[in-house]
Amino acid sequence: MAIQTVGIIGAGTMGNGIAQACAVSGIDVVLVDISDEAVRKGLATVSGSLDRLIKKEKISEADKAAALARIKTSTRYEDLAAAQLVIEAATENHALKIKILQQIDALLAPEAILASNTSSISITQLAAITSRADRFIGMHFFNPVPMMALVEIIRGLQTSDATHDTVKELAVRLGKSPITVKNAPGFVVNRILVPMINEAFFVLSEGLATAEDIDAGMKLGCNQPIGPLALADMIGLDVCLAVMEVYLEQFGDSKYRPSQLLKEMVAAGRLGRKTGRGVYQY
């Protein structure tokens, strides 16, 4: 099945990034969020991102206009009905995702594929609450989506080969480098990455070094392009905490307990770049 129209639920950081990647690649997009303000903000973010690509001479003004013309915004799930693939990119909240996915499942054509951009929640479990478990898959993009090449394609126990192959082909059309992984909490990248970030918060809370020195140490000593604390600010501290809580619940292993400092910062609303303050101030 050729994917010509992609529906995206959530116009936030991940959703608008996925929308941009699709539109630039010539795919029509229906971008849905709960309010006109949210979708306007998402579209404005795409426009600003495309402007930066123009300044770098990677695209033209005409390319930008064509990409924006491919993105239709809406606050109605019903407008997703014609999409061959719908990607849920809502907040990393299990109950919310189930509610959204069940609503979308009822609207789509029987042959349509439903995907989740979840970074930690079981694809097998999410697939089971839909009527199309064989056409349900994880499609985990990385932030910032327009720049990051990786997409984790996560197969639930029920995911068919045809669904996997169609979604992998789409990822390649978007200029991404997909990897296929089995369903497990955190999949591959976040299974390794987020506990490392959490450990950096433990190190910070114990006063072993400043945030700047922790990040510098990991950049210079491990050849990472960005330190774990700065990366947490980019990802969102609330997202990091949610992922660690999923690991703790799913694995039942205390090594996945979230840092108390991480929990405190989230409780204080210091979520990182998106709120102007996290470990660092922006």
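Residues numbered from 1 in each chain as written. Predicted model: local features only at pLDDT ≥ 70, side-chain atom pairs only at ≥ 80, totals over all residues. Heavy atoms only, no water.

We now examine the UniProt feature "domain: 3-hydroxyacyl-CoA dehydrogenase NAD binding" (unreviewed entry) in the protein chain. The UniProt record marks residues 5-183 with the feature "domain: 3-hydroxyacyl-CoA dehydrogenase NAD binding" (unreviewed entry), using the residue numbering of this structure. Secondary structure over residues 5-183 splits into 41% helix and 22% strand, and the C-alpha atoms at its two ends are 26 Å apart. (UniProt positions renumbered as here; feature names shortened; annotations may be inferred. Helix = DSSP H or I, 4+ residues; strand = E, 2+ residues; numbered from the N terminus.)

Here we come to the packing of aromatic side chains. Each pair of aromatic rings is reported with the distance of its centres and the angle of its planes. Applying the stated rule across the entire model yields three aromatic pairs. Geometrically, the ring pair formed by Y247 and Y256 is edge-to-face, given 5.5 Å between the ring centres and 70° between the ring planes. In terms of burial, Y247 and Y256 fall into one category: buried. (Phe/Tyr/Trp six-rings, centres within 6.5 Å; stacked < 30°, edge-to-face > 60°. Buried < 20%, exposed > 50% of the residue type's maximum accessible area, 1.4 Å probe, protein only.)

In space, the eight strands of this open sheet follow the order β3-β2-β1-β4-β5-β6-β7-β8, with mixed pairing throughout. Edge positions in the open sheet fall to β3 (71-74) and β8 (177-182), since each of these has one partner strand only. The mean inter-strand angle of the sheet, taken between neighbouring strand axes irrespective of direction, is 25°. Here helix α1 (residues 13-24) sits on the sheet and contacts β1 (5-9), β2 (28-32), β3, β4 (85-88) and β6 (136-141); the angle it forms with β2, its principal contact strand, is near 165°. Across the sheet, helix α6 (residues 161-173) is in contact with β1, β4, β5 (113-116), β6, β7 (150-155) and β8; its angle to β6 comes to roughly 25°. (Pairing = 2+ DSSP bridges. Axes fitted to C-alpha atoms, helices over the stretch in contact; angles between N-to-C directions. Contact = heavy atoms within 4.5 Å.)

When cut into domains, the protein chain gives domain 1 (5-182) and domain 2 (191-272). Taken together, the contacts link five residues of domain 1 with six residues of domain 2. In total, domain 1 and domain 2 occlude about 440 Å² of area from one another, counting both sides; carbon and sulfur atoms represent 63% of this. For the domain 1 face of the interface with domain 2, the top three residues by lost area are E92, S120 and N143, together amounting to 67%. Our count for the contact surface shared by domain 1 and domain 2 stands at zero salt bridges. The interface formed by domain 1 and domain 2 contains one residue pair in polar contact (both at pLDDT 80 or more). Residues that form the side of domain 1 that touches domain 2 fall into these classes: one nonpolar, three polar and one charged. (Domains from an automatic or database assignment. Buried area = accessible area lost by both parts, 1.4 Å probe. Salt bridge = Lys/Arg side-chain N within 4 Å of Asp/Glu carboxyl O. Polar contact = N/O pair within 3.5 Å; in protein donor to acceptor, adjacent residues only side chain to side chain. Nonpolar A, V, L, I, M, F, W, Y, C, P; charged D, E, K, R; others polar.)

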